[in-house]
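# Observations on chain architecture
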Amino acid sequence: MVGIRRTIHENPELGFEEFETSKLIRTELDKMGIPYKYPVAITGVVGFIGTGKPPFVAIRADMDALAMQEGVEWEHKSKVAGKMHGCGHDAHVAMLLGAAKMLQQNHKDLQGTVVLVFQPAEEGGGGAKKMLETGVLDNVDAIFGLHISAKYPIGAVATRPGLILAAAGGHAALPHHTIDPILAASNVIVSLQHLVSCEADPLDSQVPSLSLTHAHRAHTRVQTHQHALAGLRVVTIGKFQGGGAFNVIPDSVTIGGTFRAFTKESFEQLKKRIEEVIIGQSVVQKCNATVNFHIDNKPFYPVTENNKDLHQHFQNVATDMLGSHQHHRNATNNGIRRLLVLFRGDPGLLLLCRDEE
């Protein structure tokens, strides 16, 4: 049983994909001389021990793994990235095969038939329903199942009359037994937005003012005062990765994004507050968090600041060539950043224009 469990644990398979697990089960049943039906609901196996007559009593074990990464380093760790037996189904299969061996050794004493049910896709795939739809369990009078639990000491068992499990299986059914990093990360994201909405000086207007001027024809010109730019800042989360199954609370979450500001002082202050918010929120949610700004491979870009003399020269040339109505002053852009590296140490000027195909 130990060897079987470890083999299954090292090679986890998700719901309706348990082909190798099913093959291992059939091999063991063949060794014991136990007849079975396969395939049942794609990968399921149903074996029979006893007289082949009623009463029919079933014992059930689920086979599928969870879509989660095994983080514990040990000799029999999952060999499949992103999949592991985190809910004990590897043990359930091994235990049912162990019970099958004992029952087969005493099959002459059975007054009826024991049905061995190896069920696929317990973790949200509806494997039980699909097995029932095949009719293979129609004659079963009673069915027993066993689920391992770290809550009780070795050698003890637990049950209760009436309701015992919610319909949805997996870790998501027991949120009070774990810490949810997805909820924690969601709170982090909301809190980060407050750095823009609540911590910027409201007197440093973050909305450009509009004024109408007239040259050769009416047009709109955006006027943004220099002091207003000092208050402009952006914090955007564009990456949220956590978990691989809808009914499993993952053990970790990764979020990523970008932040930008129009002054060095504002940038540094924003960077400091981002780290404080993430660490602080993780403590509130009883999680651990690390913050990586990826400075080595994604260095911070300083604010782009156009040289005033070059700007005036360009404005004169543009006005002569295009007319004043075609020169738009104070066009700001948080998305353009790479050219400014060339400006450091030398005067520079960044132009914005549209490319028509």
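Refer to the structure above for everything that follows.
A few points on the structure. (Residues numbered from 1 in each chain as written. Predicted model: local features only at pLDDT ≥ 70, side-chain atom pairs only at ≥ 80, totals over all residues. Heavy atoms only, no water.)

### Looking at the packing of helix α5 (residues 181–197) against helix α7 (residues 264–284)
Between α5 and α7, whose axes approach to 9 Å, the crossing angle comes to 150°. With respect to α7, the axis of α5 lies roughly antiparallel. In this structure, α5 crosses over α7, and the sense of that crossing is right-handed. For the pair α5 and α7, the contacting residues are N187, V188, S191, L192 and L195 in the first and L270, R273, I274, V277, I278 and Q281 in the second. Looking at the contact of α5 with α7 residue by residue, the class counts come to seven nonpolar, three polar and one charged. (Axes fitted to C-alpha atoms, helices over the stretch in contact; angles between N-to-C directions. Helix = DSSP H or I, 4+ residues; strand = E, 2+ residues; numbered from the N terminus. Parallel < 35°, antiparallel > 145°, perpendicular 65-115°, else oblique. Left-handed = near helix turned anticlockwise from the far one by under 90°. Contact = heavy atoms within 4.5 Å. Nonpolar A, V, L, I, M, F, W, Y, C, P; charged D, E, K, R; others polar.)

### What to know about the sheet that holds strand β2 (residues 44–50)
Strands belonging to one sheet form pairs held by backbone hydrogen bonds; the direction of such a pair is parallel or antiparallel. Ordered in space as β1-β2-β4-β3-β5, the five strands form an open sheet in which the pairing is mixed. The open sheet has two free edges, formed respectively by β1 (36–40) and β5 (140–145), since each of these has just one partner strand. The mean inter-strand angle of the sheet, taken between neighbouring strand axes irrespective of direction, is 20°. Bridge analysis of β1 against β2 gives three bridges, and the strand direction is antiparallel. Note on β2: the bridge partner recorded for Y36 is G47. Sitting on the sheet, helix α2 (residues 19–32) touches β1, β2 and β4 (113–119), and the angle it makes with β1 is about 170°. The sheet strands contacting helix α3 (residues 89–105) are β2, β3 (56–62) and β4, and the helix crosses β3 at an angle near 150°. (Pairing = 2+ DSSP bridges.)

### Description of the packing of aromatic side chains
Under the counting rule described, the total for this entry stands at two aromatic pairs. Centroid distance F259 to F293: 5.8 Å. Interplanar angle 65°. Geometry classified as edge-to-face. Of this pair, F259 sits in strand β9 (residues 254–261) while F293 sits in the loop between α7 and α8 (308–322), and the two are 34 residues apart along the sequence. Relative accessible area serves as the criterion here: at 17%, F293 is assigned to the buried category. (Phe/Tyr/Trp six-rings, centres within 6.5 Å; stacked < 30°, edge-to-face > 60°. Buried < 20%, exposed > 50% of the residue type's maximum accessible area, 1.4 Å probe, protein only.)

### With respect to the pattern of salt bridges
A side chain of one charge can pair with a side chain of the opposite charge when the charged atoms of the two come close. Summed over the entire model, instances satisfying the criterion amount to nine salt bridges. Here D90 makes a salt bridge to R5, at a shortest N to O gap of 3.3 Å. Of this pair, D90 sits in helix α3 while R5 sits in helix α1 (residues 2–10), placing them 85 residues apart in sequence. When its relative accessible area of 35% is taken as the criterion, R5 is described as partly exposed. A single salt-bridge network, built from bridges that share partners, covers K272, R273 and E276. (Salt bridge = Lys/Arg side-chain N within 4 Å of Asp/Glu carboxyl O.)

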